[in-house]
Amino acid sequence: MTSASQRTAGTAGTAQGSAAPAVAWPALIDEVRALAWLRKRLTDLEDPRARLYHHPMLAASYEVRRRSGSATAHALVDLVGGRAYAAEPWEHIAFVPLAEAKRAGGVRAETALTDPVRVLDDVRGERAARDLVRSILLRGRRLGPPGRLHPLGEPLVFGKPNWWLTATRDGKPVEIILDGLTGRHYALRA
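Residues numbered from 1 in each chain as written. Predicted model: local features only at pLDDT ≥ 70, side-chain atom pairs only at ≥ 80, totals over all residues. Heavy atoms only, no water.

Engineer: Mind showing me how you'd approach the pattern of salt bridges here?
Structural biologist: Close approach of charged atoms allows side chains of opposite charge to pair. A full pass over the atoms with the stated rule returns four salt bridges. Here D122 ties to R118 by a salt bridge, and the two come within 2.5 Å at their closest N and O atoms. Of the two residues examined, D122 and R118, each falls in the buried class. For K160, the salt bridge goes to D179, with nearest N and O atoms at 3.1 Å. With K160 in strand β7 (residues 156-169) and D179 in strand β8 (residues 172-179), this pair connects stretches of sequence that are 19 residues apart. Neither residue differs from the other here; K160 and D179 are each classed as buried. (Salt bridge = Lys/Arg side-chain N within 4 Å of Asp/Glu carboxyl O. Buried < 20%, exposed > 50% of the residue type's maximum accessible area, 1.4 Å probe, protein only. Helix = DSSP H or I, 4+ residues; strand = E, 2+ residues; numbered from the N terminus.)

Here it is, written out as structure tokens:
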């Protein structure tokens, strides 16, 4: 998918401003690696499963211009929880259609999960990104004019891959969310 088609397919500019993502960041961790990760950390598991889902996110880039020069910053906003995160640039990522991302992640139809529903609309998501970027870029600027914040293109709404890992251990349920990009994990029950 080209940059132009990424922007068309996944931009935040929908009529209602809260459509599900049409594109996804390709998973760096597939189903086999997710299950291997689970088995490595927990022993004696029964019926381990890995199910892929795509968490709705908004990506935005900004530049602040001052007389002394300019700086850029990138933000990702969780469109379910509302939290904004500073991020590395993503312009080099080849976002793919959501259905293709699920197939490429090694997901069979019976192991796919329904993706979370967005809570934030595009306007609130972009506002969260702007607030974060403004605080990052303008933080050290106590004297003189702070400069102006300019978007570096349309925000991109995309699905971030996560694995929901489940099993039982000693008769107790195990539930862990494994980030499909970074490998970070969040234990719900372990």
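Engineer: It is not clear to me how unusual backbone geometry should be interpreted in this structure. Could you clarify?
Structural biologist: Working note: non-glycine residues mostly have negative phi, and peptide bonds are mostly trans. Phi at D44 takes a positive value of approximately 55°, unusual for a residue other than glycine. With respect to the helices and strands, the residue D44 is situated in the loop between α2 (31-41) and β2 (45-66). The backbone phi angle of D170 is positive, close to 55°, even though this residue is not glycine. With respect to the helices, strands and loops of the structure, D170 is situated in the loop between β7 and β8. When its relative accessible area of 66% is taken as the criterion, D170 is described as exposed.

Engineer: So what exactly am I meant to see when it comes to the environment of R169 here?
Structural biologist: The residue R169 is located in strand β7 in this model. Considering only alpha carbons, one finds R169 and D44, 125 residues apart in sequence, at a separation of 6.2 Å. If we ignore the near neighbours within four places in the chain, the residues touching R169 are L42, T43, D44, L45 and V174. Within the structure, the side chain of R169 is placed 3.1 Å from the backbone oxygen of T43, a separation counted as a polar contact. (Contact = heavy atoms within 4.5 Å. Polar contact = N/O pair within 3.5 Å; in protein donor to acceptor, adjacent residues only side chain to side chain.)

Engineer: Sorry, what's going on with the layout of surface pockets here?
Structural biologist: Picture a little ball the size of a water molecule; that probe, rolled over the atoms, points out where space is still empty. What the largest pocket holds in volume is close to 640 Å³. Lining the largest pocket are 22 residues, and of these M57, K160, D179, T182 and Y186 lie nearest its centre. Secondary-structure elements contributing two or more residues to the lining of the largest pocket are β2, β3 (69-78), β4 (84-87), β7 and β8. (1 Å grid on protein atoms, 1.4 Å probe; cavity = no way out; pocket = protein on both sides within 12 Å on 5 of 7 lines; lining within 4 Å. Points joined across faces, edges and corners; volume = space filled by probe spheres on them.)

Engineer: When you look at the nonpolar core in this model, what are you seeing that I'm missing?
Structural biologist: As a rule of thumb, soluble globular proteins bury nonpolar side chains together. Counting residues in each nonpolar core, the largest one holds 16 residues, and the members touching the most others are L58, V77, A129 and V133. Those elements that place two or more of their residues in this core are β2, β3 and α4 (122-138). Take this core: its biggest share by element is five residues, from α4. Counting 15 residues, the second-largest nonpolar core is a separate cluster that includes I29, L45, A167 and L178. (Core = buried A, V, L, I, M, F, W, Y, C linked by side-chain atoms within 4.5 Å.)

Engineer: Help me understand the pairing of β7, please; the structure alone is not making it clear to me.
Structural biologist: A regular strand carries its side chains on alternate faces of the sheet. Of all 14 residues making up β7, 11 are buried, and the element is well covered by its neighbours. Relative to β7, strand β1 (residues 23-24) is paired through two bridges, and the arrangement is parallel. Within β7, the residue paired with V23 across the bridge is F158. Across 13 bridges, the pairing between β2 and β7 is antiparallel. By the bridge assignment for β7, H55 is matched with K160. Of the strand pairs in this sheet, β7 and β8 are connected by eight bridges, and their pairing is antiparallel. Looking at β8, one finds that A167 is bridged to V174. Counting the residues that bridge the hairpin from β7 to β8 gives two residues, and of these D170 lies at a positive phi of roughly 55°. (Pairing = 2+ DSSP bridges.)

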